[in-house]
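# Structure assessment
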Amino acid sequence: MDIFCIKAISLGDLEKVLISHDGTGPGSGCFLDKIVIKYKEGEEAQEVVFPCNRWLEEYQDDGKTERMLSANEPGSSMKAFLKGKSCFPAIVFYTIVFAI
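Thresholds applied
- Residues numbered from 1 in each chain as written.
- Predicted model: local features only at pLDDT ≥ 70, side-chain atom pairs only at ≥ 80, totals over all residues.
- Heavy atoms only, no water.
- Helix = DSSP H or I, 4+ residues; strand = E, 2+ residues; numbered from the N terminus.
- Core = buried A, V, L, I, M, F, W, Y, C linked by side-chain atoms within 4.5 Å.
- Buried < 20%, exposed > 50% of the residue type's maximum accessible area, 1.4 Å probe, protein only.
- Contact = heavy atoms within 4.5 Å.
- Phe/Tyr/Trp six-rings, centres within 6.5 Å; stacked < 30°, edge-to-face > 60°.
- Salt bridge = Lys/Arg side-chain N within 4 Å of Asp/Glu carboxyl O.

## So, unusual backbone geometry
Its identity as a non-glycine residue notwithstanding, Asn53 has a phi of 55°, on the positive side. Along the chain, the position of Asn53 falls in strand E4 (residues 44–56). Phi angles above zero are rare outside glycine, and Asp61 is one such case at about 55°. Among the structural elements, Asp61 can be located in the loop between E4 and strand E5 (66–70).

Spelled out as C-alpha cells, the structure:
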C-alpha cells in the first residue's frame, strides 16, 4: 500500500480518476486493487473509493498501463466542500491511498 498526502484547493465533486505510468524500468507494473481518497473539512471526514482490481502492466491482463476509474457507487463522489460558504477556494488536505 502506498499513501500520499497533498494539500490542494477544493476539487469539488470528484467522480473519476485517471491513473497511469510510463512503463519504464524493470517491474514498473503493478496490480491496483483500488484508490481511496480521504479528506476532512472541519469536523466532517469523507472518503471516496475508486475500485480497479486490474493490472497496470503491458505484459499482464489487457496490457494497459492507464485506467480511468469511477467512484464505486452512484452518489459516492465527493460533495462540494463549501456548501453555503462564501469563501473559495478552500485549502483541503487529501490523503490518497493506493492499495496494490
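## Description of the nonpolar core
Counting residues in hydrophobic clusters, the biggest one holds 13 residues, and the most contacted among them are Ile19, Leu32, Ile35, Ile37, Phe50 and Leu69. Setting aside chain neighbours within four positions, we find Phe50 in contact with Leu14, Glu15, Lys16, Val17, Lys34, Ile35, Ile37, Leu69, Ser70 and Ala71.

## A closer look at the packing of aromatic side chains
This model, assessed by the stated rule, comprises one aromatic pair. Consider the rings of Phe31 and Trp55, whose centres lie 5.8 Å apart with planes at 75°: the pair is edge-to-face. Linking Phe31 in strand E3 (residues 30–41) with Trp55 in strand E4, this pair joins segments that are 24 residues apart in sequence. A relative accessible area of 33% means that Phe31 is categorised as partly exposed.

## Points about the pattern of salt bridges
The final tally for this structure, using the stated rule, is four salt bridges. Of the charged contacts, one joins Arg54 and Asp61 as a salt bridge, the two residues approaching to 2.6 Å between their closest N and O atoms. Judged by its relative accessible area of 45%, Asp61 is partly exposed. Residues joined in a network through salt bridges with shared partners are Arg54, Asp61, Asp62 and Arg67.

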